[in-house]
Amino acid sequence: KHVAGSNAVGGGPDEQEKKLSSRQRRKATETTALGLHPGAPAIADGVDKTSQASLDTVMSFMGAMGGGDMDTVAALMHNDMVWQNEGDKAMPWIGPWNGKEEIFAFLGVFSKNLETTFWETEEAFASGDTVAIFGRMKTKLTKSGVETTPFTFALRAKVQAGQVILWNWFEDSYAVSQAFHAK
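Cut-offs applied
Residues numbered from 1 in each chain as written. Predicted model: local features only at pLDDT ≥ 70, side-chain atom pairs only at ≥ 80, totals over all residues. Heavy atoms only, no water. Helix = DSSP H or I, 4+ residues; strand = E, 2+ residues; numbered from the N terminus. Buried < 20%, exposed > 50% of the residue type's maximum accessible area, 1.4 Å probe, protein only. Contact = heavy atoms within 4.5 Å. Areas by Shrake-Rupley, 256 points an atom, 1.4 Å probe, with all protein chains shown as cover. Expected span 1.5 Å × (residues − 1). Arc of directions from axis to C-beta. Core = buried A, V, L, I, M, F, W, Y, C linked by side-chain atoms within 4.5 Å. Phe/Tyr/Trp six-rings, centres within 6.5 Å; stacked < 30°, edge-to-face > 60°. Pairing = 2+ DSSP bridges. Salt bridge = Lys/Arg side-chain N within 4 Å of Asp/Glu carboxyl O.

So, the overall build of the chain: which residues are in play, and what are the values?
From N to C terminus, the chain includes six helices and seven strands. Within the chain, the proportion of its 183 residues that are buried is 42%. A fraction of 56% describes how many contacts in the chain between residues 6 or more apart in sequence connect residues 24 or more apart. Only carbon and sulfur atoms are counted for the fraction: they give 53% of the accessible area of the chain, which is about 9,600 Å².

Structure (structure tokens):
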């Protein structure tokens, strides 16, 4: 029902980015000029208040995580939140994680093992309490020192009473696993 903005936050151009069509480059440039980023409110005409509030909550949560603002993360996290991400169980941050205590323990392990080196939100949608965000990112794994090539991600989040209650993360876990296990 709702399309938000996109913007590359951090990272530099790589070979795949150089291959963007002129339309894609223009869109990225226009959106960057607007200053949209994961923590910025994304507003679209004709969106109902619940959808907009859900999108604002998720974008604020994402921006706080990216900025290391754990007080805001805690305030926006529902006590019964579930953080789901699947992948190689050898990676110590693969979930699911249930409730604030487990999620904050996971975030500590996650932040010691993985650094986001490039982030681009391409699209965001909200319908009622459900938010979907799509983009591209690159990560560097601290165990191996290897950086992934850019890969796509998708997020399905749910908001309840102004707090994030579900964070269902999808990424190219194979690429991350390969970088994690590299020697």
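More follows now that the structure is in view.
Could you give me a rundown of helix 5 (residues 99-113), with the residues and numbers involved?
The terminal C-alpha atoms of helix 5, which comprises 15 residues, lie 21 Å apart, in line with the 21 Å expected from a rise of 1.5 Å per residue. Looking only at helix 5, the buried set comprises Gly 99, Ile 103, Phe 106, Leu 107 and Asn 113. Angularly, the buried residues of helix 5 cover 130° about the axis, an arc narrow enough to put them on a single face. Turned more than 90 degrees off the buried face of helix 5, the exposed positions are Glu 101, Ser 111 and Lys 112. Residues of helix 5 that are buried in the fold lie against strand 2 (77-85), strand 3 (97-98), strand 4 (114-127), strand 5 (130-141) and helix 6 (173-181).

So what about the nonpolar core? Which residues, and what values?
Formed by 37 residues in total, the largest nonpolar core has its most connected members in Val 58, Phe 61, Trp 83, Trp 93, Ile 133 and Trp 167. Per element, the largest residue contribution to this core is six residues, and it comes from helix 3 (residues 49-67).

An account of the side chain of Ser 54 is requested, with residue identities and associated values reported.
Looking at the element boundaries, Ser 54 is found in helix 3. Residue contacts for Ser 54: discarding those within four places in its chain leaves Gly 128, Asp 129, Val 131 and Val 159.

Go over the packing of aromatic side chains, please, and point to the residues and values.
Each aromatic ring pair is described using two quantities: the centre-to-centre distance and the angle formed by the ring planes. This structure, assessed with the given rule, holds nine aromatic pairs. Both rings, one in Trp 97 and one in Phe 106, keep their centres 5.4 Å apart while their planes meet at 15°; by these two values the pair is stacked. Neither residue differs from the other here; Trp 97 and Phe 106 are each classed as buried. Members of the aromatic cluster, each reached through a chain of ring pairs, are Phe 61, Trp 83, Trp 97, Phe 106, Phe 110 and Trp 167.

Kindly report on the environment of Gly 87, identifying the contributing residues and their values.
Within the secondary structure layout, Gly 87 lies in the loop between strand 2 and strand 3. Judged by its relative accessible area of 30%, Gly 87 is partly exposed. Each C-alpha atom, one on Gly 87 and one on Ser 173, is 5.4 Å from the other, the two residues being 86 residues apart in sequence.

Any chance you could break down the pairing of strand 4 for me, citing the residues and the numbers?
Strand direction decides the pairing type here: strand 4 and strand 5, joined by twelve bridges, are antiparallel. What sits directly across from Glu 123, in strand 5, is Phe 134. Hairpin connection between strand 4 and strand 5: a loop of two residues separates the two successive antiparallel strands, and Gly 128 in this loop has a positive phi of roughly 65°.

I'd love a proper account of the pattern of salt bridges, names of residues and values included.
The tally for this structure, following the rule as stated, stands at three salt bridges. The residue Lys 158 makes a salt bridge to Asp 129 at a minimum N-O spacing of 3.6 Å. Remark: Asp 129 occurs in the loop between strand 4 and strand 5 and Lys 158 occurs in strand 6 (residues 151-160); sequence separation between them is 29 residues. Lys 158 sits in the partly exposed class, given a relative accessible area of 26%. On the basis of relative accessible area, Asp 129 is assigned to the partly exposed category, the value being 34%.

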